[in-house]
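Structure at a glance
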Amino acid sequence: MDRKRLKKLAAEKRFIPGIYNYCDRWCERCPQTNRCLNFSIGEEDFSDPETRDIKNEAFWKKLSEIFKETQEMLKEAAEEWGIDLEDLDSEEVAGHIRVRDEAVQGHVISRAARNYASRVEDWFREREERLLETTTLLSDEVNLEEALEVIRWYQYFIAAKAIRAVLGKLEEEKDGRNEFPSDADGSAKIALIAIDRSISAWATIPHHDPRESESVLKILSFLDRLGQAIEETFPKARSFIRPGFDDIDLNE
Ligand code: SF4
């Protein structure tokens, strides 16, 4: 899509600014695709499967060209402003980033969220095939396949958003900021929504296979504790208003 077309599309009133910042990126199931600029750009550029591959290749090529151009521009700007780029890459800066990353990754919420993702992986490894056979048998009843899909979709998403929330919180604390709404609260909120939905999905599994009641209960209680820890750490997260999802009537 060229710049002119993009500008014209972005000016359409139907789009909600920033709607894609705190969504779950599950466009296939999103009730707001018509109000999302991100989705519309993707649709225009990639909807035709025949041209999608060509456009994808062109896209990565273009990105690599932009990367080279940006490096050149950066060098020129740095020279102009007397900034030593080598210095920015110094041990001291790298050290700060390392300390921050360790604090984020070592935070109890980050560790628990990653732990949840690997528990899910282990659980599926041992059972997925058998469960999908069960799904076929019971497809007219509660849709187990969809429940498994929901769990899989959010398996790593929860960790990604929870870690982003922790990073935001640590940076806000470091800068002495205490604003609401904050990006950290928004990230925590979408992590909590993903946890709520995952809990509902997990809860359907024992209906299909009562032998899994115990294994599911263990994961459910772990996930519930993770949700509680996020709520305690981000007490304002639930009241964060996500543009397009929490502030308007979906039937509007
Ligand atoms: S708001 Fe909906 S359509 Fe837009 S990126 Fe998020 S999930 Fe996809």
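Quantities reported herein were computed from a predicted structural model and do not represent experimental measurements.

1. Quick word on the confidence of the model for the protein chain
- Of all residues in the protein chain, 85% have pLDDT values of 70 or greater, and the mean over the chain is 84.
- Looking across the protein chain, the model is least confident in helix α4 (residues 85–88), with a mean pLDDT of 66, and most confident in helix α10 (residues 213–233), with 95.

2. A short note on the environment of Ala191
- Note that Ala191 resides in helix α9 (residues 183–208).
- On a C-alpha basis, the gap between Ala191 and Lys161 in space is 5.5 Å, while along the polypeptide they are 30 residues apart.
- When sequence neighbours within four positions are dropped, the list of residues in contact with Ala191 reads Ile158, Lys161, Ala162, Ala165 and Ile230.

3. Observations regarding the environment of Ala188
- Structurally, Ala188 is set in helix α9.
- Separated by 24 residues in sequence, Ala188 and Arg164 place their C-alpha atoms 8.1 Å apart.
- What Ala188 contacts, discounting residues up to four positions off in sequence, is Ala165, Ile230, Phe234 and Ala237.

4. Structural notes on the packing of helix α7 (residues 144–155) against α9
- For the pair α7 and α9, the least separation of the axes is 9 Å and the interaxial angle reads 145°. Along this stretch, α7 crosses α9, giving a crossing that reads as left-handed. Contact residues: α7 offers Leu144, Ala147, Val150, Ile151 and Tyr154, while α9 offers Ala194, Arg197, Ser198, Ala201, Trp202, Thr204, Ile205 and His208.
- Looking at the contact of α7 with α9, its residues break down into 9 nonpolar, 3 polar and 1 charged.

5. A look at the nonpolar core
- Core analysis: the biggest nonpolar cluster contains 41 residues, and Ala113, Ile158, Ala162, Ala188, Ala191, Ala194 and Ile230 have the highest contact counts within it.
- Sort the elements by how many residues they give to this core and α9 lands first, with 10 residues.
- Both domains that meet at this core, namely domain 1 (13–81) and domain 2 (100–239), each give it at least three residues.
- With near-sequence residues (within four places) excluded, Ala194 lies in contact with Asp24, Tyr154, Phe157, Ile158 and Lys161.

Definitions and limits used
- Residues numbered from 1 in each chain as written.
- Predicted model: local features only at pLDDT ≥ 70, side-chain atom pairs only at ≥ 80, totals over all residues.
- pLDDT = per-residue confidence, 0-100.
- Helix = DSSP H or I, 4+ residues; strand = E, 2+ residues; numbered from the N terminus.
- Contact = placed C-beta atoms within 7 Å.
- Axes fitted to C-alpha atoms, helices over the stretch in contact; angles between N-to-C directions.
- Left-handed = near helix turned anticlockwise from the far one by under 90°.
- Nonpolar A, V, L, I, M, F, W, Y, C, P; charged D, E, K, R; others polar.
- Core = buried A, V, L, I, M, F, W, Y, C linked by C-beta atoms within 7 Å.
- Buried ≥ 20, exposed ≤ 12 C-beta atoms within 10 Å, placed from the backbone.
- Domains from an automatic or database assignment.

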